[in-house]
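# Residue-level structure breakdown
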Amino acid sequence: MSEYVLEMRHIAKSFPGVKVLDDVTLQVKPGEVHALMGENGAGKSTLMKILMGIYTADAGEVMLNGEHLLARGPREAMDKGIAMIHQELNPIMDMQVYENIYIGRELRKGILVDRKAMIQETEDLLRELGINIPAVAYMRDLSVAQCQLIEIVKAISISAKVVVMDEPTSAITEREVETLFAQIRRLKSEGVAIIYISHKMDEIFQICDTITVLRDGHFIGTDAAANMTNEQLIRMMVGRDITEVFPKAEAEIGDVLLEVKNLSYGRQVKNVSFSLRRGEVLGIAGLVGAGRSELAETIFAMRQKSAGEILIGGKPVEIRHPKDAIQNRIALITEDRKITGLNLSGTVAENTTLVDLSRQFPKGLIDRQKENRITDEYIQKLSIRTPSAQQLAGRLSGGNQQKVVLSKWLLSEPEIIILDEPTRGIDVGAKRDIYLLIGGLVRQGKAVIVISSEIPEVMGLSDRILVMAEGRVTGELLRPDFSQEQIMTYAAQFGE
Ligand SMILES: Nc1ncnc2c1ncn2[C@@H]1O[C@H](COP(=O)(O)OP(=O)(O)OP(=O)(O)O)[C@@H](O)[C@H]1O
Ligand SMILES: [Mg+2]
């Protein structure tokens, strides 16, 4: 009997025009948390979709407990004991928690579905796991983190031997990460193997035992996490050393460009005032739920302010609709690229030119050649991994989708750029590309606001940081005075 619960050997997979996986091997032991690492587009999600039977490999084999596994779809994979928590969570919103957990394997009494038993079992399981969610709650009323926890509960309830987690923490708060990690440790202690995909390096070293690295669809290596340093891991992933993670642009700070005065949006944004100068990067830090995204969306008129004033270049402007914001040369790159950022069934080119259509094609006729040319420029600038400008955006890897959202806003040459969690789900190398790009923007005299939950990132990028808590600005720090402790203190300033 093999020491591995799961072995994927010599896996190859191509999509039209792209070889995504080439001779990839992954060997996972029971009770281990196994990190699958690699840059955006390296092939991580694809490899896992092959495991789940969502895609069929062109070559190679999958062994589960020493036996050939041939799952023709997620249901079969689940029956064999493999569960996956996807990067793009698609919970069935109209379902209740217990229905979701028992989907496809409903408990029955005779021929009737036994609702009562399923609710009871779900409640027991939730209680046992210390998860405080009612079994009859609707999925649509849960937060992303809660949906993820329910997926984990589902994995536990089918007694999965292998659980795949594809970027499980990209949208959850620090406290929720702790709950997730507690569940992972629990699964681990029961001999369940976990395949963990994340771009957050500190998490990897905190929770993982073993690391496998892919680069460009190739297997680079597998080793114990304890034998690897952060630098070595980065080098394996990107194929070169990255010395300076946060290159700080030296830009000249100019005149005040944007002034926000006493801006409010219901109870989520309370009386916020600040100014932003040309050449400046203003960071906004705070805990999830502090009102940072709401502030950005109120400036951009995705939400209608309840009070306050916005001035650009000293003149009051009326922004009632995102269109007015765009006209005033403001860009908002939202944190949720799926809902507000990207048309998944459009091509990369169509997405790239979307915001700027009227400027690029004033006669209303879209010149496809020009569209491709513009798009190619951004594909190169941001190293977007795609076979061409004509690829459907929905077919790009998660991180590369984020870069397309960035290009679409940058093309319209905004003066004020608000980036909400711009590097979520983005690999180390590409993060650095985005930091350099921000540097380039402020050097051109533009003004940038960066909202980020990663304190090292805000500290690395910003000239000045505003900290928010419960909808208010609770503190302001200048670059020489930046400190993680001070930011945390302001971020936890509740009350009044
Ligand atoms: N259905 C598809 N059709 C065509 N190309 C695809 C398809 N699915 C994935 N690809 C391509 O395969 C490559 C690998 O994608 P994959 O999603 O596996 O990357 P990843 O390692 O998960 O990246 P990320 O960290 O950004 O999530 C990418 O270049 C992507 O564009
Ligand atoms: Mg992925």
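Residues numbered from 1 in each chain as written. Chains lettered and ligands numbered in written order. Predicted model: local features only at pLDDT ≥ 70, side-chain atom pairs only at ≥ 80, totals over all residues.

### Remarks on the sheet that holds strand β17 (residues 315–317)
The strand order β14-β13-β16-β17 describes an open sheet built from four strands, whose pairing is antiparallel. Across the chains shown, the open sheet's two edge strands, defined by having one partner strand only, are β14 (269–277) and β17. Going from strand to strand, the sheet's axes swing by 20° on average, the running direction of each strand aside. Inspection of the sheet shows strand β13 (residues 256–265) paired to strand β16 (residues 307–312) by five bridges, in the antiparallel sense. The partner of leucine 258 across the bridge, within β16, is isoleucine 312. (Pairing = 2+ DSSP bridges. Helix = DSSP H or I, 4+ residues; strand = E, 2+ residues; numbered from the N terminus. Axes fitted to C-alpha atoms, helices over the stretch in contact; angles between N-to-C directions.)

### A look at helix α9 (residues 292–299)
Among the eight residues of α9, eight are classified as buried, and the element is accordingly described as predominantly covered. Taken residue by residue, α9 has Arg292, Ser293, Glu294, Leu295, Ala296, Glu297, Thr298 and Ile299 as its buried positions. (Buried ≥ 20, exposed ≤ 12 C-beta atoms within 10 Å, placed from the backbone.)

### Some thoughts on the domain arrangement of the protein chain
Structurally, the protein chain comprises domain 1 (6–91 + 142–238) and domain 2 (256–491). Its C-alpha centre places domain 1 at a distance of 30 Å from the equivalent point of domain 2. The partner domain 2 presents 16 residues to the 15 residues of domain 1 that form the contact. At three residues, helix α8 (residues 230–238) tops the list of elements feeding residues into the side of domain 1 that touches domain 2. For the side of domain 1 that touches domain 2, a count of residues per class yields four nonpolar, eight polar and three charged. (Domains from an automatic or database assignment. Contact = placed C-beta atoms within 7 Å. Nonpolar A, V, L, I, M, F, W, Y, C, P; charged D, E, K, R; others polar.)

### Focus on the site of ligand 1
Asn40, Ser45, Thr46, Ser397 and Gly399 are the nearest of the 20 residues found near ligand 1. Secondary-structure elements contributing two or more residues to the shell around ligand 1 are β2 (18–28), α1 (44–51) and α15 (398–411). Considering only residue class, the shell around ligand 1 consists of five nonpolar, 11 polar and four charged. Inspection of the shell around ligand 1 shows a minimum of three residues originating in each of domain 1 (6–91 + 142–238) and domain 2 (256–491). (Near = placed C-beta within 6 Å.)

### What about unusual backbone geometry?
Positive phi outside glycine occurs at asparagine 262, with the angle close to 50°. Residue placement: asparagine 262 occurs in strand β13. Given 12 C-beta atoms within a 10 Å radius, asparagine 262 is considered exposed. Even without being glycine, glutamate 421 reaches a positive phi, approximately 50°. Its place among the elements puts glutamate 421 in the loop between β19 (416–420) and α16 (428–443).

### Side note on the pairing of strand β20 (residues 447–451)
Within β20, five of the five residues are buried, which leaves it mostly tucked inside the rest of the structure. Burial along β20 is two-sided: Ala447, Ile449 and Ile451 facing one way and Val448 and Val450 facing the other are all buried. Where strand β15 (residues 281–286) lies against β20, four bridges are found, and the strand directions are parallel. Across the sheet, valine 281 pairs through a bridge with valine 448, a residue of β20. Sheet topology note: the β19/β20 ladder contains five bridges and is parallel. Paired with aspartate 420 across the strands is isoleucine 451, a residue of β20.

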